[in-house]
Amino acid sequence: MSNYPVDMSVTPDVKAFFDPDTNTISYVVKDPGSNACAIVDSVMDIDYAAGRITYGHADEIIAWITANGLKLEWIIETHVHADHLSAAPYIQGKLGGKIGIGDKIMVVQNTFGKIFNEGTEFQRDGSQFDALFKDGDSYQIGGMTAFAIYTPGHTPACMVHVMGNAAFVGDTLFMPDGGSARADFPGGDAGVLYDSIQKVLTLPDDMRLFMCHDYGPNGRDIQWETTVGDEKTHNIHVGGGKTRDDFIKFRTERDKQLGMPRLIIPSLQVNMRAGEVPTDKDGRPMLKVPVNGL
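K.L.:
Looking at this structure, I do not really get the overall build of the chain. What am I missing?
P.N.:
The number of helices and strands found in the chain is seven helices and 14 strands. A compact globule built from 294 residues would reach a C-alpha radius of gyration of about 19 Å, and the chain, at 18 Å, matches this within 12%. Oriented by its inertia axes, the alpha-carbon framework of the chain measures out at about 55 × 50 × 35 Å. Here the chain, with 294 residues, has 52% of them falling under the buried criterion. Contacts in the chain between residues far apart in sequence, at least 24 positions, make up 67% of those at least 6 positions apart. Roughly 12,300 Å² of accessible area belongs to the chain as shown, and the carbon and sulfur atoms make up 50% of that amount. Here the chain carries 26 positive and 39 negative side-chain charges, and the mean point of each set is 4 Å from the other.

Shown next, in the form of structure tokens:
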């Protein structure tokens with residue numbers, strides 16, 4: 001990891017917000033030396049059956065930032081999520097900040113622009129976002145330097161964001177007893193995911209890792225924080241010296257048994273637009289349902 005600006009002396013304050021409807025954990029990450037903060041992986045609420053969008057989860061985060069006198073500088077998306085909708089533009093409208101994602105968003109936009117039969121008005125250049133990160137790119141949250149690590153495999157645009165001694169892994173890893181995320185979405189690859197996980201596991205053993213999802217395996221309480229050392233030793237899919245071939249075999253067989261995420265159709269359409277809901281020709285919010293397309 002010598003090419004990345006790791007600084008374990010910086011300990012940001014991390015506040016987690018769990019969304020039980022999608023088992024997503026969003027984070028507010030505060031620079032310890034100022035009132036600057038970032039949000040990682042926000043959630044917009046949707047009643048899919050009713051076609052109704054609300055903002056209770058985002059409002060909780062906004063209220064917490066406001067009550068603590070913080071200044072929002074970044075709204076980070078670790079990837080284009082397939083299981084929840086981003087509230088990034090709603091939060092940005094209330095608190096400001098820049099919306100950032102990995103630059104391979106353009107690969108995702110091209111792939112799903114075709115699946116959802118988007119017209120030429122849908123830009124596939126990532127311009128819906130304020131910043132597109134490449135591997136190793138750094139940015140500032142107050143006086144704290146953060147940086148992005150490119151970690152494809154779950155999707156082509158996944159990135160892990162490291163802020164001081166805290167890394168936000170998106171869906172690249174789950175808690176040790178949860179293992180890893182699927183790799184069978186368009187553009188996913190189990191072998192590439194294994195390689196990305198190994199890259200993350202070369203961070204210092206005491207680096208704090210924060211998950212984007214947890215499902216409480218075997219009935220345990222929801223958890224979202226672990227360490228690199230714990231993952232290396234105990235992760236049921238990649239820990240304890242499991243090989244790349246072992247992982248590919250397991251992940252491929254496991255993924256064949258999984259159904260599509262409940263919110264994949266609205267999530268992809270919204271999240272590849274940086275959280276904006278698409279509209280029809282008359283400007284009305286509208287989602288599409290591709291038949292036999294996923």
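K.L.:
Got a minute to help me understand the pairing of strand β1 (residues 13-19) in this structure?
P.N.:
Remark: a regular strand shows side chains that alternate across the two faces of the sheet. Pairing between β1 and strand β2 (residues 24-30): seven bridges, direction antiparallel. Its bridge partner lying in β2, Asp19 is registered against Thr24. Where β1 folds back onto β2 in an antiparallel hairpin, the turn is made up of four residues, including Asn23, whose phi is positive at roughly 55 degrees.

K.L.:
Quick question: what am I supposed to make of the sheet that holds strand β11 (residues 159-163) here?
P.N.:
Pairing is mixed across the open sheet formed by six strands, whose spatial order is β9-β10-β11-β12-β13-β14. Each of the sheet's edge strands pairs with one partner strand only, and the pair in question is β9 (138-141) and β14 (225-227). For this sheet, the mean inter-axis angle between neighbouring strands, taken without regard to orientation, is 30 degrees. Relative to strand β12 (residues 166-168), β11 runs antiparallel, the two being bridged by three bridges. Its bridge partner lying in β12, Met163 is registered against Ala166.

K.L.:
Mind showing me how you'd approach helix α6 (residues 244-255) here?
P.N.:
Think of an α-helix as turning once every 3.6 residues; residues three or four places apart then point the same way. Relative to the 16 Å expected for twelve residues at 1.5 Å per residue, α6 spans 16 Å between its end C-alpha atoms, a close match to the ideal helical length. Every buried residue of α6 is accounted for by Phe247, Arg251 and Asp255. The buried residues of α6 all sit within an arc of 45 degrees when viewed along its axis, so they share a single face. Turned more than 90 degrees away from the buried face of α6 sit Asp245 and Lys249, all of them exposed. Among the structural elements, α4 (190-200) are those in contact with the buried residues of α6.

K.L.:
When you look at the sheet that holds strand β7 (residues 98-102) in this model, what are you seeing that I'm missing?
P.N.:
Strand pairing in a sheet is mediated by backbone hydrogen bonds. Such pairs are either parallel or antiparallel. Taken in spatial order, the six strands make up an open sheet running β1-β2-β3-β6-β7-β8, and their pairing is mixed. One side of each edge strand has no neighbouring strand; the edge strands of this open sheet are β1 and β8 (131-133). Going across the sheet, the axis of each strand differs from the next one's by a mean of 25 degrees, ignoring polarity. Each of β1, β2, β3 (36-40) and β6 (71-76) touches helix α1 (residues 56-67); the most contacted strand, β1, lies at about 155 degrees to it.

K.L.:
Would you explain unusual backbone geometry in this entry?
P.N.:
Across the chain, the bulk of peptide bonds are trans and the bulk of non-glycine residues have phi less than zero. Backbone geometry at Asp41 places phi at a positive 60 degrees, although glycine is not the residue there. Relative to the helices and strands, Asp41 resides in the loop between β3 and β4 (45-47). Here the phi dihedral of Asn292 falls at roughly 60 degrees; this positive angle occurs in a residue that is not glycine. Position of Asn292 relative to the elements: it lies in the segment after α7 (264-271).

K.L.:
What's the story with the packing of α4 against α6 in this structure? I'm lost.
P.N.:
For any two helices packed against each other, one specifies the crossing angle of their axes together with the interaxial distance. At their nearest, the axes of α4 and α6 sit 9 Å apart, and the two run at 130 degrees to each other. Put simply, α4 runs oblique to α6. In this structure, α4 meets α6 at a crossing whose hand is right-handed. Residue-level inspection shows Ala190, Gly191, Val192, Leu193, Tyr194, Asp195 and Ile197 of α4 in contact with α6, the latter providing Arg244, Phe247, Ile248, Arg251 and Thr252. Across the contact of α4 with α6, the residue classes break down as seven nonpolar, two polar and three charged.

K.L.:
Could you clarify how one ought to interpret the packing of aromatic side chains in this entry?
P.N.:
Aromatic ring pairs are described here by two measures, namely the spacing of the ring centres and the angle between the planes. Evaluated as defined, the whole model comprises twelve aromatic pairs. Taking the centre distance of 6.1 Å and the plane angle of 80 degrees together, the rings of Phe17 and Trp64 count as edge-to-face. Taken together, the residues Phe17 in strand β1 and Trp64 in helix α1 connect sequence positions 47 residues apart. Taking the relative accessible area as the measure of exposure, Trp64 reaches 28% and is therefore partly exposed. Measuring from ring centre to ring centre gives 6.1 Å for Phe174 and Tyr215, while their planes differ by 70 degrees; the resulting arrangement is edge-to-face. Separated by 41 residues along the polypeptide, Phe174 in the loop between β12 and α4 and Tyr215 in the loop between β13 (208-210) and β14 bring together distant segments of the chain. Judged by its relative accessible area of 13%, Phe174 falls in the buried class. When its relative accessible area of 46% is taken as the criterion, Tyr215 is described as partly exposed.

The rules behind the values
- Starting from 1, residues in each chain are numbered consecutively following that chain's sequence as written.
- pLDDT decides what is reported in this predicted model: residues at 70 or higher carry local features, side-chain atom pairs at 80 or more are listed and counted, and totals for whole chains, interfaces and linings draw on all residues regardless.
- For side-chain calculations, the full set of non-hydrogen atoms in the structure is used, while hydrogens and water are omitted.
- We count a stretch as a helix when DSSP gives it H or I for four or more residues in a row; a strand needs E for two or more, and each element gets its number in order from the N terminus.
- Radius of gyration means the value over C-alpha atoms here, while the globule rule gives 2.2 Å times the residue count to the 0.38 power.
- Relative accessibility decides the category of a residue: with a 1.4 Å probe and only protein chains considered, values under 20% of the type maximum give buried, values over 50% give exposed, and everything between is partly exposed.
- Contact between two residues is taken to exist if any of their heavy atoms lie within 4.5 Å; hydrogens are not considered.
- Note on areas: these come from Shrake-Rupley sampling with a 1.4 Å probe, and a residue is covered only by the protein chains present in the view.
- Only four residue types enter the tally: Lys and Arg on the positive side, Asp and Glu on the negative side; His and the chain ends are excluded.
- Where a charge lies is defined by one atom per residue type, namely NZ (Lys), CZ (Arg), CG (Asp) and CD (Glu).
- Two strands qualify as a pair provided DSSP detects at least 2 bridges between them.
- For helices, the axis comes from a line fit to the C-alpha atoms of the stretch in contact; other axes are also lines fit to C-alpha atoms, and the angle between any two N-to-C directions lies between 0 and 180 degrees.
- One fewer than the residue count of a helix, multiplied by 1.5 Å, yields its expected span.
- This arc is taken over the directions from the axis of the helix to the C-beta atoms.
- The labels follow the angle: roughly parallel below 35 degrees, roughly antiparallel above 145, roughly perpendicular from 65 to 115, and oblique for the rest.
- In a left-handed crossing the near helix is turned counterclockwise from the far helix by less than a right angle, and in a right-handed crossing that turn is clockwise.
- Gly falls in the polar group here, along with every residue not listed as nonpolar (Ala, Val, Leu, Ile, Met, Phe, Trp, Tyr, Cys, Pro) or charged (Asp, Glu, Lys, Arg).
- Only Phe, Tyr and Trp rings are paired, with Trp represented by its six-membered ring, and only when their centres lie within 6.5 Å; those with planes under 30 degrees apart are stacked, over 60 edge-to-face, the remainder tilted.

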